[in-house]
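# What the coordinates show
So you can see what is in the structure, the chains are spelled out below.
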Amino acid sequence: MTVHHRVRRALAVGSLGLAVAAGSLAGASTSQAGDTGHTTISCKAVKVRTDPSKKATVVGIAYRHDKIAYDQFAYKRAEKTWYTRGTVTRKSDGNKVRGYMIYDCANPYQSNPAPKPSIPK
């Protein structure tokens, strides 16, 4: 085996190992599905958080009938909870808040409770 083939094989093995490691880290706590659209908040109030977790920092509060432009859904396996990520435009003051909200309050079906996506394996 020549040096050129050894280098090529080492690069292939290294990149494959990196891809497997990154994939297992990304899927460890949440599984995500992408989608885009607009809807309104259906709960009386919902906390907007920095990450899809009940323990994440709250960056704002969204209220019923506030508009949201959503772009992602995330399932937190440890909490067995779906989250919606998007930008909320509040009716009361016009401020925009970006982050994750509980899916039941910010869903694309404009109803509560919403039909949830299937749980990722």
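Parameters and conventions
- Residues numbered from 1 in each chain as written.
- Predicted model: local features only at pLDDT ≥ 70, side-chain atom pairs only at ≥ 80, totals over all residues.
- Heavy atoms only, no water.
- Helix = DSSP H or I, 4+ residues; strand = E, 2+ residues; numbered from the N terminus.
- Buried < 20%, exposed > 50% of the residue type's maximum accessible area, 1.4 Å probe, protein only.
- Contact = heavy atoms within 4.5 Å.
- Areas by Shrake-Rupley, 256 points an atom, 1.4 Å probe, with all protein chains shown as cover.
- Core = buried A, V, L, I, M, F, W, Y, C linked by side-chain atoms within 4.5 Å.
- Phe/Tyr/Trp six-rings, centres within 6.5 Å; stacked < 30°, edge-to-face > 60°.
- Salt bridge = Lys/Arg side-chain N within 4 Å of Asp/Glu carboxyl O.

What follows concerns the overall build of the protein chain. A count of helices and strands for the protein chain gives one helix and six strands. Taken across its 121 residues, the protein chain has 32% of its residues classed as buried. Here the contacts in the protein chain between residues at least 6 apart in sequence split such that 51% fall between residues at least 24 apart. Just so you have it, the protein chain exposes about 7800 Å², and 57% of that area is on carbon and sulfur atoms.

Judged by nonpolar contacts, the single largest core of 16 residues is most densely connected at I41, V46, V48, A62, I68, V88 and M101. Within the residue set of this core, elements represented by two or more residues are strand 2 (45-49), strand 4 (67-76), strand 5 (81-89) and strand 6 (96-102). With four residues, strand 4 is the single largest residue contributor to this core. Excluding anything up to four places from it in sequence, I41 contacts V46, A62, Y63, R64, H65, D66, I68, M101, C105 and A106.

It is worth spelling out the packing of aromatic side chains at this point. For the structure on display, the rule yields three aromatic pairs. Between F73 and Y103 the ring centres are 5.5 Å apart and the planes differ by 70 degrees, which places this aromatic pair in the edge-to-face class. Placement of the pair is F73 in strand 4 and Y103 in the segment after strand 6, with a sequence separation of 30 residues. When its relative accessible area of 2% is taken as the criterion, Y103 is described as buried. Relative to W82, the ring of Y75 has its centre 5.2 Å away and its plane inclined at 50 degrees; by these criteria the two rings are tilted. Each member of the pair Y75 and W82 is classed as buried. A connected cluster of aromatic rings, assembled from ring pairs, spans Y70, F73 and Y103.

With that settled, the discussion passes to the environment of V48. Relative to the assigned elements, V48 resides in strand 2. For V48 and V59, which are 11 residues apart along the polypeptide, the C-alpha to C-alpha distance reads 5.7 Å. In this view, V48 contacts T57, V58, V59, G60, I61, A62, V88, V97, R98, G99, Y100 and M101; residues no more than four positions away in its chain are not counted.

With that out of the way, let us pick up the pattern of salt bridges. Working definition: two side chains of opposite charge can pair if their charged atoms are close together. Inspection of the entire model under this criterion finds three salt bridges. With a closest N to O distance of 3.0 Å, R85 and D71 form a salt bridge. Taken together, the residues R85 in strand 5 and D71 in strand 4 connect sequence positions 14 residues apart. Judged by relative accessible area, which is 26%, R85 ranks as partly exposed. The exposure class assigned to D71 is partly exposed, which follows from its relative accessible area of 25%. One salt bridge connects D71 with R98, and the closest N-O pair in it is separated by 2.6 Å. Remark: R98 occurs in strand 6 and D71 occurs in strand 4; sequence separation between them is 27 residues. We classify R98 as partly exposed; its relative accessible area is 40%. A network of salt bridges, in which partner residues are shared, links D71, R85 and R98.

Note that all results are geometric; they support no functional claim without further evidence.
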